[in-house]
Amino acid sequence: MSDIAFDAPTIIRTKRDGGRLSDAAIDWVIEGFTDGRVADVQMAALLMAIFWRGLDHRELARWTAAMLASGARLDFTGLSSGGRPLMTVDKHSTGGVGDKTTLVLVPVVAACGAAVPKVSGRGLGHTGGTLDKLESIAGFTAEISTRQVRQQLCDIGAAIFAAGELAPADKLIYALRDITSTVDSLPLIASSVMSKKLAEGIGALVLDVKVGSGALLPESQCRELARTMVELGAAHGVPTRAVLTDMECPLGAAVGNALEVGEALEVLAGGGPADVVELTVQLAAEMLALSGVDGRDPAETLRDGTAMDLFRRLVGAQGGDLSIPLPIGAHTETVIAARSGTMGTIDAMAVGLTAWRLGAGRSRPGGAVQPGAGVRIHRRPGEPVAAGQPLFTLYTDTPERFTAALAELDGGFSVDDSAPAARPLILDRIGA
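Note that the coordinates shown come from a computational prediction; the quantities given were computed from them, not determined experimentally.

**Structural notes on the overall build of the protein**
When you go through the protein residue by residue, the secondary structure sums to 16 helices and 15 strands. Computed over C-alpha atoms, the radius of gyration of the protein comes to 21 Å, within 12% of the 22 Å expected from 2.2 N^0.38 for 432 residues, which places it in the range of a compact globule. Referenced to the eigenvectors of the C-alpha coordinate spread, the extents of the protein come out at roughly 70 × 55 × 40 Å. Among the 432 residues that make up the protein, the fraction classed as buried is 55%. A separation of at least 24 residues holds for 79% of the contacts in the protein among residues at least 6 apart in sequence. Summed over all atoms, the accessible surface of the protein reaches about 16600 Å², with 52% contributed by carbon and sulfur. Side-chain charges of the protein comprise 39 positive and 50 negative groups, with the mean position of each set lying 3 Å from the other.

This is the structure:
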């Protein structure tokens, strides 16, 4: 495409002033940013303009299509296992706090007979990233070839991997959003998720759209986001269903990369927090139903250990060694209950930002995360609390981070005289 027809400042100004970007302008800027002709600072400015001005339905469809076209697309047609064609399905979460569901869900669904080619991302703002979590396992790599992905799907039924050449424009934009406060934008979330998912070549998709204080958007926008992504999936011929799930409180009792892997292993061993188990089983049922796989009961795979066996095979196939202890922050601070009572609400956003401050997330593109940084929650909402009892333990390798982290957590929880009102974990379903 000719550089004469467009230039980045004009495109930025058009969106800044509330104008509509043409299909050709969107194609040009996505292509130009991917190949380096559009600078990071220019794309950052455009992302901020989109954050404030938004994209209309047509712009969003084209932006998503342009990101999808920026790289390769996978094709699993014709793959089989045991003489049966593979039925591929994936799940994507819009980002939560303590949401280690993917680590459990992928082996559960694979153990039930579906194939899960799971493209995952890194942390974004206050939300954790599946790849950052898995890379806290010694030796694990998410950078695997398409050939290996295909082989793992046939042999194991699952692979969890980085996008690589899939929608490379999204990888670059994703990194900028993480450090420019443009994470919580409906069109940028929708296009990011769906460009990667559509590039996977999957047969069906379930979206876990978070709602609550730890979500990226207010509830009304979460519903709009769900509908938008379902429509984008349908337009590309991929049956898509969105499940709206509660993220008012962190999921489970561990927030941070290695801490969440440890908790996921507890669930795979047949234990773990009830909310993580419930959400895993519910999402697995949705994925199996949408993909047309009439397989085993997902809960049974946790009870009998087949999901754990499959997870170990997956980790081993990707270089990981679960016999090596997971890392944990060298320094700790404990938050103690000032009074007796009942644990009240725990604000997911406050806990997510606390973990980020401790080093579990990034403040610059490509920055390293601390695998052992994070927060362990000792008392969940509604549980009894005694004065002097530990409520939270904070972990980091850099103790100078504690002051800012504790400031984030301050006011993010309460100890009350009575239990908070219970909230359902599954709030709604939208789509196929």
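**Focus on the domain arrangement of the protein**
Assigned domains within the protein: domain 1 (8-53), domain 2 (80-318) and domain 3 (331-416). Averaged C-alpha coordinates put domain 1 and domain 3 at centres separated by 38 Å.

**Topic: the sheet that holds strand 10 (residues 341-346)**
The strand order across the open sheet formed by 3 strands is 12-10-14, and the pairing between neighbours is antiparallel. Looking at strand neighbours, the two that pair on one side only are strand 12 (384-385) and strand 14 (413-416), the edges of this open sheet. Sheet topology note: the strand 10/strand 14 ladder contains 3 bridges and is antiparallel. Within strand 14, the residue paired with I346 across the bridge is F413.

**A short note on the sheet that holds strand 7 (residues 240-246)**
With respect to topology, 4 strands assemble into an open sheet ordered 3-6-7-15, the strand pairing being mixed. Strand pairing shows two members of the sheet lacking a second neighbour, strand 3 (90-93) and strand 15 (426-431), which therefore form its edges. In this sheet, adjacent strand axes meet at a mean angle of 20° when their direction is disregarded. By the bridge criterion, 4 bridges tie strand 3 to strand 6 (residues 205-211) in an arrangement that is parallel.

**Description of the packing of aromatic side chains**
Under the criterion given, the structure shown has 3 aromatic pairs. Ring centres of F6 and W28 lie 6.3 Å apart, and the angle between their planes is 35°; on these two criteria the pair is classed as tilted. With a gap of 22 residues between them, F6 in the segment before helix 1 (8-16) and W28 in helix 2 (residues 23-35) connect regions that are remote in the sequence. Taking relative accessible area as the criterion, W28 reaches 5% and is therefore assigned buried.

**Describing helix 4 (residues 57-69)**
With 13 residues, helix 4 ought to run about 18 Å at 1.5 Å a step, and its terminal C-alpha atoms sit 18 Å apart, in line with that. Within helix 4, the full set of buried residues consists of E59, L60, W63, T64, A66, M67 and L68. Those residues of helix 4 hidden inside the fold are in contact with helix 1, helix 2, helix 3 (40-53), helix 8 (168-179), helix 9 (186-199) and helix 10 (219-235).

**Describing the packing of helix 8 against helix 9**
It is the contact of helix 8 with helix 9, at a shortest axis distance of 10 Å, that shows an interaxial angle of 145°. Once helix 8 is placed against helix 9, the crossing between them reads as left-handed. Mapping the contact onto sequence places D170, Y174 and R177 in helix 8 and L188, I189, S192, S195 and K196 in helix 9. Of the residues assigned to the contact of helix 8 with helix 9, the class counts are 3 nonpolar, 2 polar and 3 charged.

**Observations concerning the environment of A158**
Along the chain, the position of A158 falls in strand 5 (residues 158-161). In this view, A158 contacts V106, A110, V116, Q152, L153, L310 and L314; residues no more than four positions away in its chain are not counted.

**Here's the deal with the pattern of salt bridges**
In this structure the tally under the stated criterion is 31 salt bridges. Here R122 and E135 are joined by a salt bridge, their closest N and O atoms 2.9 Å apart. Here E135 lies in the loop between helix 6 (130-134) and helix 7 (146-155) and R122 lies in the loop between strand 4 (116-119) and helix 6, a separation of 13 residues in the sequence. Taking the relative accessible area as the measure of exposure, R122 reaches 26% and is therefore partly exposed. Since its relative accessible area comes to 33%, E135 is described here as partly exposed. With a shortest N-O distance of 2.5 Å, R339 and D417 are connected by a salt bridge. Residue R339 is found in the loop between strand 9 (331-336) and strand 10, and its partner D417 is found in the loop between strand 14 and strand 15; the two are separated by 78 residues along the sequence. Residue D417 is classed as exposed on the basis of its relative accessible area, which comes to 67%. Look at the salt bridges and you will find they share partners, linking R122, D132, E135, E143 and R362 into a network.

**Considerations on unusual backbone geometry**
In this model, A167 sits at a positive phi of 45°, which is unusual for a non-glycine residue. Inspection of the secondary structure puts A167 in the loop between strand 5 and helix 8. Judged by relative accessible area, which is 1%, A167 ranks as buried.

**Brief notes about the nonpolar core**
Residues V109, L268, V375, F392 and L394 are the most contacted members of the largest nonpolar core, which totals 72 residues. Of all the elements, helix 5 (residues 101-111) adds the most residues to this core, at 8 residues. Here this core gathers at least three residues from each of two domains, domain 2 (80-318) and domain 3 (331-416). Among the nonpolar cores identified, the runner-up in size contains 66 residues, and A115, L166, L205 and A242 belong to it.

**Things to note about the packing of helix 15 (residues 348-360) against helix 16 (residues 402-409)**
Between helix 15 and helix 16, the shortest axis-to-axis distance is 8 Å and the interhelical angle comes to 175°. In this view, helix 15 runs roughly antiparallel relative to helix 16, as classed from their interaxial angle. Across the interface between the two elements, A350, V351, L353, T354, R357 and L358 from helix 15 touch F402, A404, A405, E408 and L409 from helix 16.

Definitions and limits used
- Residues numbered from 1 in each chain as written.
- Predicted model: local features only at pLDDT ≥ 70, side-chain atom pairs only at ≥ 80, totals over all residues.
- Heavy atoms only, no water.
- Helix = DSSP H or I, 4+ residues; strand = E, 2+ residues; numbered from the N terminus.
- Rg over C-alpha atoms; globule rule 2.2 N^0.38 Å.
- Buried < 20%, exposed > 50% of the residue type's maximum accessible area, 1.4 Å probe, protein only.
- Contact = heavy atoms within 4.5 Å.
- Areas by Shrake-Rupley, 256 points an atom, 1.4 Å probe, with all protein chains shown as cover.
- Lys, Arg positive; Asp, Glu negative; His and termini not counted.
- Charge placed at Lys NZ, Arg CZ, Asp CG, Glu CD.
- Domains from an automatic or database assignment.
- Pairing = 2+ DSSP bridges.
- Axes fitted to C-alpha atoms, helices over the stretch in contact; angles between N-to-C directions.
- Phe/Tyr/Trp six-rings, centres within 6.5 Å; stacked < 30°, edge-to-face > 60°.
- Expected span 1.5 Å × (residues − 1).
- Left-handed = near helix turned anticlockwise from the far one by under 90°.
- Nonpolar A, V, L, I, M, F, W, Y, C, P; charged D, E, K, R; others polar.
- Salt bridge = Lys/Arg side-chain N within 4 Å of Asp/Glu carboxyl O.
- Core = buried A, V, L, I, M, F, W, Y, C linked by side-chain atoms within 4.5 Å.
- Parallel < 35°, antiparallel > 145°, perpendicular 65-115°, else oblique.

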